[in-house]
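Below are the chains, spelled out letter by letter.
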Amino acid sequence: MADCLFCSIIAGTTPAQIVLDTPDVVGFLDVRPVFKGHTLLVPREHVPTLVELPDELTVPLFGAARSVAAAVRTAFDAQGSFVAVNNVVSQSVPHLHVHVVPRTKGDGLRGFFWPRTKYADTAEAEEYAGKLRAALAS
C-alpha cells in the first residue's frame, strides 16, 4: 500500500533497523520503544488487522514473534517479554504488527497499558462469555 509506513519500510524506501527479514515477515525496532529492543513484526503483505490475516501467514507471523520473544532474552539479558497486538483501537499504523517488548522484573511496566475492571458477579461474566461463544459459533 503506497501510503503505509510499514509497507515503505518493507520496500526499503523508509529506513528502519531491520532485525528479521523472511519471505513472509519483517521485524524492525520500534522508533518509540517501551524499552530498548522493542521490536515490531509485520507481514510483508499489507494486512490491516489481525482479523484480515490470512491463515497461511498466521504461523510465519506468530512463529517470528515466538523467535523474537526468545531472542530478546538472550540479546538484552531480559527475563521475558510482553507480546501484544492492537486491533484498530490504539493501532497507530493500519498494518498488522506484533509488538515484542523485552521485560525484566522491576522494569516499571505495570500489567497492561489500560485500566482493569471486574465483572459484577458470576452471572455477568457468564453473560459476556455466552455472547462471545455465540459470536464465535456464527
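As the structure is a prediction and not an experimental result, all values here were calculated from the model.

Given two aromatic rings, their pairing is described by the distance between the two centres and the angle made by the two planes. Within this structure, the stated rule accounts for 2 aromatic pairs. Seen from their ring centres, Phe6 and Phe28 are 5.3 Å apart, and the 65° between their planes marks the pair as edge-to-face. Separated by 22 residues along the polypeptide, Phe6 in helix α1 (residues 5-11) and Phe28 in strand β2 (residues 25-29) bring together distant segments of the chain. Residue Phe28 is classed as buried on the basis of its relative accessible area of 2%. Positioned above the aromatic ring of Tyr128 is the side chain of Lys131, whose terminal nitrogen or guanidinium carbon lies 5.7 Å from the ring centre.

Within the largest apolar cluster, 14 residues are counted, with the highest numbers of intra-cluster contacts made by Leu41, Leu53, Leu61, Val98 and Val100. Where this core is concerned, the elements lending two or more residues are α2 (55-76) and β5 (98-103). With 7 residues, α2 is the largest single contributor of residues to this core. If sequence neighbours within four positions are ignored, Leu53 has contacts with Val47, Thr58, Leu61, Phe62 and Leu96. Counting 10 residues, the second-largest nonpolar core is a separate cluster that includes Cys4, Ile9, Val26 and Phe28.

When you line up the elements, His97 lands in the loop between β4 (80-84) and β5. Take His97: its relative accessible area is 3%, and that puts it in the buried class. Setting aside its immediate chain neighbours within four residues, His97 contacts Phe6, Leu40, Leu41, Val42, Ala84, Val85 and Gln91.

Attention shifts here to α2. Over its 22 residues, α2 runs 32 Å from end to end, which matches the ideal 32 Å to within 8%, given 1.5 Å per residue. Turning to α2, its buried residues are Leu57, Leu61, Gly63, Ala64, Ala65, Val68, Ala69 and Val72. On its buried face, α2 sits against β1 (18-21), β2, β3 (39-43), β4 and β5. Of the residues flanking the end of α2, it is Asp77, one or two places downstream, whose phi is positive at about 50°.

Read from one edge to the other, the open sheet built from 5 strands follows the order β1-β2-β3-β5-β4, with strand pairing classed as antiparallel. The strands lining the two open edges of the sheet, one partner per strand, are β1 and β4. Geometrically, the sheet is characterised by an average inter-axis angle of 20° between neighbouring strands, direction not taken into account. As paired elements, β3 and β5 share 3 bridges and run antiparallel to each other. Bridge assignment links Leu41 to a residue of β5, and that residue is Val98.

Further remarks concern the pairing of β3. With 5 of its 5 residues buried, β3 lies for the most part within the structure. On β3, burial covers both faces: Thr39, Leu41 and Pro43 on one face and Leu40 and Val42 on the other are all buried. The pairing of β2 with β3 spans 5 bridges and is classified as antiparallel. Considered in β3, the bridge of Phe28 is made with Leu40.

The rules behind these values
- Chains are numbered independently. Their residues run from 1 in the order of the written sequence.
- A pLDDT threshold of at least 70 governs which residues receive local features in this predicted model, and a stricter bar of 80 or more applies before side-chain atom pairs are shown or counted, although totals over entire chains, interfaces and linings include all residues.
- Computation of side-chain values: all heavy atoms of the structure, hydrogens and water removed.
- Geometry of aromatic contacts follows a simple scheme: Phe, Tyr and Trp rings, the Trp one being its six-membered ring, pair when their centres are within 6.5 Å, and the pair is stacked under 30 degrees between planes, edge-to-face over 60, tilted otherwise.
- Labels follow the DSSP assignment, with helices taken as runs of H or I lasting at least four residues and strands as runs of E lasting at least two, numbered in each case from the N terminus.
- Exposed residues in this analysis have more than 50% of their type's maximum accessible area, buried residues have under 20%, and partly exposed residues fall in between, with area computed by a 1.4 Å probe over protein chains only.
- When the NZ atom of lysine or the CZ atom of arginine is within 6 Å of a ring's centre and also within 35 degrees of its normal, the charge is said to sit over that ring.
- To define a nonpolar core, start from buried Ala, Val, Leu, Ile, Met, Phe, Trp, Tyr and Cys residues and group those joined through side-chain atoms within 4.5 Å.
- Contacts between residues were defined by any pair of non-hydrogen atoms, one from each residue, lying within 4.5 Å.
- The length a helix should cover is 1.5 Å for every residue beyond the first.
- Two strands qualify as a pair provided DSSP detects at least 2 bridges between them.
- In this analysis an axis means a line fitted to C-alpha atoms, helices contributing only their contacting stretch, and an angle means the value between N-to-C directions, from 0 to 180 degrees.

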